[in-house]
Amino acid sequence: MDTKRSALIKRKTKETDISLQLALDGSGRSDIHTGIGFFDHMLDGFARHGLFDLTVKVDGDLQVDGHHTVEDTGIVLGNAIREAVGDKAGISRYGFFILPMDDALALCAVDLCGRPWLEYDCSFSAPMIGELDTELIREFFYAVSYSAGMNLHIRMLSGTNGHHMAEAMFKAFAKALDMACRRDERIEGVLSTKGSL
C-alpha cells in the first residue's frame, strides 16, 4: 500500500498557468498564490482544516476577470485529488461534515465513487467577497467534483455573512474529503459491491 499519497499537477493554457502540489497525509501546511486574495484564504483554510499540504501557484488572466483562475484551479485540484487517492483501496470512500462559523452553517458530503456530480445550494447576497466573484465559488466546486470524479453535495443551512458562508463551505469540504480519504484497516480492496471505483 502506497503511504505517500500525493500529486503534482501542472496545467498551462492561453488563460492560466497552474502548478499545484497536494499531499493528502499532510499537516495543513500551504503556500498559495492565485492572484485573488480571498481565494487564497479559502484554499489555505481547505488545506489547514483538511490537514492537507497544498502548494498552488497560478498565473491567470485576471485582467479579464477571476473566472479562468478559479475554475482552472478547481480542475487542477480535482485532478490532484484523483491522482493522490490512487486506486482507493482501503479508504472510507464517503465523508461528511456540518461546519458552523458564526452565523453560517455549511453541510458537505463527498463520495469518491468515480462518478462526477455536484449539488450546490447556496445563495450569496453580495456579488463579491474581496476580489472573488461569489458566482465563481460554485464554478470551483463544480470543476473539482468533475475532475476528481466525486459526488459532492454542498448546502448552506444558514448564514447571512458572505465571508463566513464561503469559509464554512471550504472548511466543511476539507473535513468531508479528509474523512473520505481516510484509511480503514477493515476494508479489503475498495469499498464497493462492484469491486472497483
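Residue indices begin from 1 for each chain and proceed along its sequence in written order. For a predicted model such as this one, the threshold for reporting local features is a pLDDT of at least 70, and the threshold for listing and counting side-chain atom pairs is 80 or more; totals across whole chains, interfaces and linings nevertheless cover every residue. Processing note: side-chain calculations cover all non-hydrogen atoms of the structure and skip hydrogens and water entirely.

We apply this condition: UniProt positions are given in the numbering used here, feature names are shortened, and annotations may be inferred rather than shown by experiment.
If you look the protein chain up in an unreviewed UniProt entry, it shows as Imidazoleglycerol-phosphate dehydratase from Candidatus Eisenbergiella merdavium. Per UniProt, the protein chain has the following entry under Catalytic activity (unreviewed entry): "D-erythro-1-(imidazol-4-yl)glycerol 3-phosphate = 3-(imidazol-4-yl)-2-oxopropyl phosphate + H2O". Under the heading Subcellular location (unreviewed entry), UniProt records this for the protein chain: "Cytoplasm".

1. Things to note about the overall build of the protein chain
Which entries qualify depends on this criterion: In this text, helices come from DSSP runs of H or I with a minimum length of four residues, and strands from runs of E with a minimum of two, each type numbered from the N-terminal end. Atoms considered for the radius of gyration are the C-alpha atoms alone. The globule rule reads 2.2 Å times the number of residues to the power 0.38. Throughout, a residue-residue contact means that at least one pair of heavy atoms, one from each residue, lies within 4.5 Å.
Looking only at helices and strands, the protein chain has 4 helices and 10 strands in total. The secondary structure elements of the protein chain, listed N-terminal to C-terminal, are β-β-β-α-β-α-β-β-β-β-β-α-β-α. Its C-alpha atoms give the protein chain a radius of gyration of 16 Å, near enough to 16 Å, the size a compact globule of 197 residues would have. Considering only C-alpha atoms, the protein chain reaches an extent of 50 × 40 × 30 Å along its principal axes. Contacts spanning at least 24 positions in sequence make up 76% of the contacts within the protein chain whose residues lie at least 6 apart.

2. Quick look at the pairing of strand E6 (residues 104-111)
As a reminder of what qualifies: The pairing criterion for strands is at least two bridges between them, as found by DSSP.
The sheet contact formed by strand E5 (residues 94-101) and E6 spans 8 bridges and is antiparallel. Its bridge partner lying in E6, Tyr94 is registered against Asp111. Across 7 bridges, E6 lies against strand E10 (residues 151-158) in antiparallel orientation. Each residue of the ladder has a partner; that of Ala106, found in E10, is Met156.

3. Remarks on the environment of Ala148
Rules: Note on classification: 1.4 Å probe, protein chains only; a residue is buried when its accessible area is under 20% of the maximum for its type, exposed when over 50%, partly exposed between these limits.
When you line up the elements, Ala148 lands in helix H3 (residues 135-148). Relative accessible area serves as the criterion here: at 6%, Ala148 is assigned to the buried category. The sequence separation of Ala148 and Glu71 amounts to 77 residues, and the corresponding C-alpha distance is 13 Å. Aside from chain neighbours lying at most four places away, what touches Ala148 is Gly78, Ile81 and Arg82.

4. So, unusual backbone geometry
One can expect most non-glycine residues to show negative phi and most peptide bonds to be in trans. Positive phi, normally seen in glycine, also occurs at Arg93, with a value near 75°. Looking at where Arg93 falls in the secondary structure, it is placed in the loop between helix H2 (67-85) and E5.

5. A word on the side chain of Asp111
Worth spelling out the cut-off: Here a polar contact is recorded for every N or O atom pair within 3.5 Å, except that within protein the pair must consist of a potential hydrogen donor and a potential acceptor, and residues adjacent in sequence are included only if both atoms are side-chain atoms.
Among the secondary structure elements, Asp111 is positioned in strand E6. For Asp111, a relative accessible area of 8% translates into the label buried. A polar contact is formed between the side chain of Asp111 and the side chain of Arg93, at a distance of 2.6 Å. Here Asp111 is in contact with Arg93, Tyr94, Met150 and Asn151, once residues within four sequence places are set aside.

6. As for helix H4 (residues 162-181)
Short version of the rule: Every helix has an expected span of 1.5 Å times one less than the residues it contains.
For H4, spanning 20 residues, the distance from its first C-alpha to its last is 29 Å, which sits close to the expected 28 Å at 1.5 Å a residue. Extensive coverage of H4 is indicated by the burial of 16 of its 20 residues. Where H4 begins, one side-chain oxygen reaches toward the backbone nitrogen of His163, 3.0 Å away; that side chain belongs to Asn161.

7. Here we look at the packing of H3 against H4
Condition: Interaxial angle, 0 to 180 degrees, is taken between N-to-C directions of lines fitted to C-alpha atoms, where a helix line uses only the stretch in contact. Orientation categories follow fixed angle ranges, with anything under 35 degrees roughly parallel, anything over 145 roughly antiparallel, 65 to 115 roughly perpendicular, and all other angles oblique. Three residue categories are used. Nonpolar comprises Ala, Val, Leu, Ile, Met, Phe, Trp, Tyr, Cys and Pro, charged comprises Asp, Glu, Lys and Arg, and polar comprises the others, including Gly.
It is at 12 Å that the axes of H3 and H4 come closest, and there the two elements cross at 10°. As far as their axial angle goes, H4 and H3 are roughly parallel. Contacts between H3 and H4 involve Ile137, Phe140, Phe141 and Val144 from the former and Ala166, Met169, Phe170 and Phe173 from the latter. Along the lines of polarity and charge, the residues of the contact of H3 with H4 split into 8 nonpolar, no polar and no charged.

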